[in-house]
Amino acid sequence: MAQHVVDIARFISPVRAADGRITSPWGAIRSGRKHWGVDIGRRNASGASPSIRAAQAGTVVYRGVSGRLGTPPSNGAAGGGSGYGNVIVIYHGTDALGRHIYSAYGHLASFAVALGANVTQGQNIGVMGNTGGSYGIHLHYTIYRSSGTTKLPLPASGTGSLGFYESSVSIDPGLTAALTP
Ligand SMILES: [Zn+2]
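Residues numbered from 1 in each chain as written. Predicted model: local features only at pLDDT ≥ 70, side-chain atom pairs only at ≥ 80, totals over all residues. Heavy atoms only, no water.

**Section: the overall build of the protein**
Then, in step 1: When you go through the protein residue by residue, the secondary structure sums to one helix and 13 strands.
Then, in step 2: Counted from the first residue to the last, the protein has its helices and strands arranged as β-β-β-β-β-β-β-β-β-β-β-β-β-α.
Then, in step 3: When the 181 residues of the protein are sorted by exposure, 47% land in the buried category.
Then, in step 4: Contacts spanning at least 24 positions in sequence make up 66% of the contacts within the protein whose residues lie at least 6 apart. (Helix = DSSP H or I, 4+ residues; strand = E, 2+ residues; numbered from the N terminus. Buried < 20%, exposed > 50% of the residue type's maximum accessible area, 1.4 Å probe, protein only. Contact = heavy atoms within 4.5 Å.)

Here's what the structure looks like:
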């Protein structure tokens, strides 16, 4: 299979524009802590929970309940605070510099894909939810990029606490990818 370069600019929003809106941007300081993702809530707060779609093609490398996800890249400590509930992480491959690119989808109500599944861009992977440390139905979405060419550590089982360490860089998708296609 031909190697293809992952381009974050080609990612699409994990929530359709008609279904979601950003409720907390990447990098916001909340309770003294930086928010290492984008929160996307329902556009219609009384409507059904929207489906979540893969921002780019890839392989599901984590599907489980995560205690922690979203590590600040500077301090090396595991975890970003409260739990991210039902999480899917998709591995997309490497960028032009050989850095590994992942996208993570937290607080899901349910999963629509299996661990190890290959997904296409836009494929339904689950349903927006309120699992983990969440105060309402929303998606916590993050793109991760390794700072070097070493893959990020993931639990082999696809369950258990998930920590991305200082080797990872959390990227603001609002700056690098379309959130409202
Ligand atoms: Zn969040």
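Back to the text.
**A look at the coordination of the zinc ion**
Then, in step 1: Only His35 (NE2), Asp39 (OD) and His140 (ND1) from the protein coordinate the zinc ion, and they sit 1.9 to 2.2 Å from it.
Then, in step 2: Of the residues examined, His140 reaches a relative accessible area of 2% and is grouped as buried. (Donors = N, O, S within 2.8 Å, 3.2 Å for Na, K, Ca; no water.)

**Let's talk about the nonpolar core**
Then, in step 1: Ranked by internal contacts, the top residues of the largest apolar core, which has 23 residues, are Ile52, Ile88, Ile90, Tyr105, Ile125 and Leu139.
Then, in step 2: Listing elements by their share of this core, those giving two or more residues are strand 4 (38-42), strand 7 (85-94), strand 8 (100-108) and strand 12 (138-146).
Then, in step 3: Each residue touching Ile90, except ones within four places of it in the same chain, is listed here: Ala54, Gln56, Gly58, Thr59, Val60, Val61, Ile101, Tyr102, Ser103, Tyr105, Val119 and Ile125.
Then, in step 4: By size, the runner-up hydrophobic cluster in this structure holds nine residues, among which are Tyr84, Val87, Tyr102 and Ala104. (Core = buried A, V, L, I, M, F, W, Y, C linked by side-chain atoms within 4.5 Å.)

**Description of the pattern of salt bridges**
Then, in step 1: Applying the stated criterion to the full structure yields two salt bridges.
Then, in step 2: Residues Arg10 and Asp7 are paired through a salt bridge, measuring 3.8 Å at the closest nitrogen-oxygen approach.
Then, in step 3: Judged by its relative accessible area of 60%, Arg10 is exposed.
Then, in step 4: Judged by relative accessible area, Asp7 falls into the partly exposed class, the value being 34%.
Then, in step 5: The salt bridge partner of Asp95 is Arg99, with a shortest N-O separation of 2.8 Å.
Then, in step 6: Relative accessible area serves as the criterion here: at 11%, Asp95 is assigned to the buried category. (Salt bridge = Lys/Arg side-chain N within 4 Å of Asp/Glu carboxyl O.)

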